[in-house]
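# Fold and geometry: a report
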Amino acid sequence: MNTDKKGINTTCTHTGELEDTQFKGAVSPLYMSTSYAFEDVDIKRYPRYFNTPNQEALCKKLAALEHAKAALIFGSGMAAISTGLMAFLQAGDHIVLQQTLYGGTYNFAVTQFEKYGISYSFTNGWEVDDFEREIRPNTKVIYIETPSNPLLTITDLEGIGQLAKKHGIVSMIDNTFASPINQNPIDYGIDVVLHSATKYMGGHSDICAGVIAASQEHMDKIFQTAICFGGSLSDYTVWLLERSIKTMGIRVNAQNANAMKMAAYLSASKDVENVYYPGLETHPGHALAKSQMKGFGGMLSFELNSEIDASLFFKHLKLIKPSMSLAGIESTVLSPMQTSHALMSPEDRKKQGIKDSLIRFSLGIEEMEDLVRDIEQAISKVKSMAMPV
Ligand SMILES: *Cc1c(COP(=O)(O)O)cnc(C)c1O
């Protein structure tokens, strides 16, 4: 439950701030110590215990943002995801994973679980029934990602939360694509929320970090695993992340607005075949997204017409950068076939609906007219090259 009644931008800016009592500076002071006195103090502080002053302060902000009781910050999204998973799984256990997952999470599942004697199943769809079908007597975790990468499919948060409770299973979500600005899964009954803070929380493509937010009971369990795996974040980066999150609300809302406009523009373009964006009424998950999200997010994907070569299109873009990552204030595009889903066989990609011509688009905060102009000039260059001479 959200006990923090403040507005979202006030929470982003102020919650958890440290006070500079010495100099009355405007921002949280940065404490870089890795060594703290243990006599006459009730907290034994140490960076890998996730409890330095800056770590604790930022965790308060993150918990408030996800309507959680507590949160922890990690050195990367994968540190948070691997720690979160291993906190609830042991030899003999089983986990149900959504079929389209972030590549690193998929890789973790297929290369690590077996070593620990953990079995796993991927669903054959995104419906609650598809998850229920995979549940076994030893299933301990259900793991989802919504909106998903790269087709922005939507999974029913409330349905999954109820299903997990019915079977006494922990539900976990990777909430990276939505960010806490657009989606708060705990309000819909999901137990554990994970983030790659490298994306919207950092927002400027210069911070690598991860987050877990959950109830106190779940976080206590995660903490015990976290101190063993040791994936905490250095205080300097913690401090930078605190600064970035202050503008997360205004950044993400600008990116939402750009994505909505871009989805409409691309849908109307004769050079574009398909557009995948949950904000479009034609998207199969639109109604569900509308019921569980506050904004539809800054990510979309689309396919150019078959006569326009996607890699040539990338080459001619001047403003929009072809880039591996996402969620920065600069607009970027990526070809899942060439990058995130390159290791998958063409048949498997096809099964998941990922065409070779698919382009994933992460909207930044630039003016829409500039983005459209860039796309139009790139398309017309590709077309003029394709013309016989
Ligand atoms: C980037 C990403 C991750 C992994 O985060 P890192 O910070 O790169 O470790 C996990 N999930 C999603 C959805 C991502 O986009």
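Residues numbered from 1 in each chain as written. Predicted model: local features only at pLDDT ≥ 70, side-chain atom pairs only at ≥ 80, totals over all residues. Heavy atoms only, no water.

The name given to the chain in an unreviewed UniProt entry is Cystathionine beta-lyase, with Flagellimonas aquimarina as the source organism. According to the UniProt record, the Cofactor (unreviewed entry) comment for the chain reads "pyridoxal 5'-phosphate". (UniProt positions renumbered as here; feature names shortened; annotations may be inferred.)

Tallying secondary structure elements over the chain gives 14 helices and twelve strands in all. Computed over the C-alpha atoms, the radius of gyration of the chain is 21 Å, within 12% of the 21 Å expected from 2.2 N^0.38 for a compact globule of 389 residues. Across the 389 residues of the chain, 56% fall into the buried class. Taking the intrachain contacts of the chain between residues at least 6 apart in sequence as the baseline, contacts between residues at least 24 apart amount to 72%. When the accessible area of the chain is evaluated, it comes to approximately 17400 Å², of which 55% is carbon and sulfur surface. The positive charge centre, built from 35 side chains, and the negative charge centre, built from 43, are 2 Å apart in the chain. (Helix = DSSP H or I, 4+ residues; strand = E, 2+ residues; numbered from the N terminus. Rg over C-alpha atoms; globule rule 2.2 N^0.38 Å. Buried < 20%, exposed > 50% of the residue type's maximum accessible area, 1.4 Å probe, protein only. Contact = heavy atoms within 4.5 Å. Areas by Shrake-Rupley, 256 points an atom, 1.4 Å probe, with all protein chains shown as cover. Lys, Arg positive; Asp, Glu negative; His and termini not counted. Charge placed at Lys NZ, Arg CZ, Asp CG, Glu CD.)

Ordered in space as β1-β7-β6-β5-β4-β2-β3, the seven strands form an open sheet in which the pairing is mixed. At either margin of the open sheet sits one strand with a lone partner, and together these are β1 (70–74) and β3 (119–122). Here the average twist between neighbouring strands, direction ignored, is 20°. Pairing of strand β4 (residues 139–145) with strand β5 (residues 170–174) involves five bridges; the strand directions are parallel. The residue bridging I144 from the neighbouring strand is I173, located in β5. (Pairing = 2+ DSSP bridges. Axes fitted to C-alpha atoms, helices over the stretch in contact; angles between N-to-C directions.)

Another point: the pattern of salt bridges. Pairing of side chains with opposite charge becomes possible as their charged atoms draw close. In the structure shown here, the tally under the stated rule is nine salt bridges. Between D271 and K383 there is a salt bridge, with the nearest N and O atoms lying 2.7 Å from each other. A residue pair is termed long-range when its members are at least 10 positions apart, and D271 in the loop between α10 (248–268) and β8 (272–276) and K383 in helix α14 (residues 368–386) qualify at 112 residues. According to the relative accessible area criterion, D271 is buried, its value standing at 10%. Here K355 and E303 are joined by a salt bridge, their closest N and O atoms 3.4 Å apart. Of the two residues, K355 is situated in the loop between α13 (346–351) and β12 (358–362) and E303 in strand β9 (residues 299–304); the sequence distance between them amounts to 52 residues. Judged by its relative accessible area of 40%, K355 is partly exposed. According to the relative accessible area criterion, E303 is buried, its value standing at 1%. (Salt bridge = Lys/Arg side-chain N within 4 Å of Asp/Glu carboxyl O.)

Okay, the domain arrangement of the chain next. Split by domain assignment, the chain resolves into domain 1 (8–245) and domain 2 (249–384). Tallying the contact residues gives 34 residues for domain 1 and 36 residues for domain 2. Overall, the association of domain 1 and domain 2 removes approximately 2900 Å² of surface from exposure, summing both partners, and the carbon and sulfur fraction of that is 57%. Three residues stand out in domain 1 for area buried against domain 2, namely L151, N182 and Y200, and they jointly supply 26% of the buried area on that side. (Domains from an automatic or database assignment. Buried area = accessible area lost by both parts, 1.4 Å probe.)

In strand β2 (residues 94–97), alternate side chains face the same way, and those of H94 and V96 on one face and I95 and L97 on the other are all buried. As paired strands, β2 and β3 are joined by four bridges and run parallel to one another. The residue of β3 that forms the bridge with V96 is S121. In terms of handedness, the path from β2 via helix α4 (residues 103–112) over to β3 forms a crossover that is right-handed. In this structure, β2 lies alongside β4, joined through four bridges in parallel fashion. In the strand pairing of β4, H94 is matched with T139. (Right-handed = clockwise from strand over helix to strand, strands pointing away.)

Below, the discussion takes up the site of the ligand. In the region of the ligand, 14 residues are neighbours, and G77, M78, D174, T198 and K199 sit closest. M78 places a main-chain nitrogen or oxygen 2.8 Å from an oxygen atom of the ligand. Within the side chain of D174, an N or O atom sits 2.6 Å from a nitrogen atom of the ligand. In isolation the ligand has 390 Å² of accessible area, and contact with the protein removes 92% of it. Sorting elements by how many residues they give to the shell around the ligand places helix α3 (residues 77–88) first, with three residues. (Near = heavy atom within 4 Å. Polar contact = N/O pair within 3.5 Å; in protein donor to acceptor, adjacent residues only side chain to side chain.)

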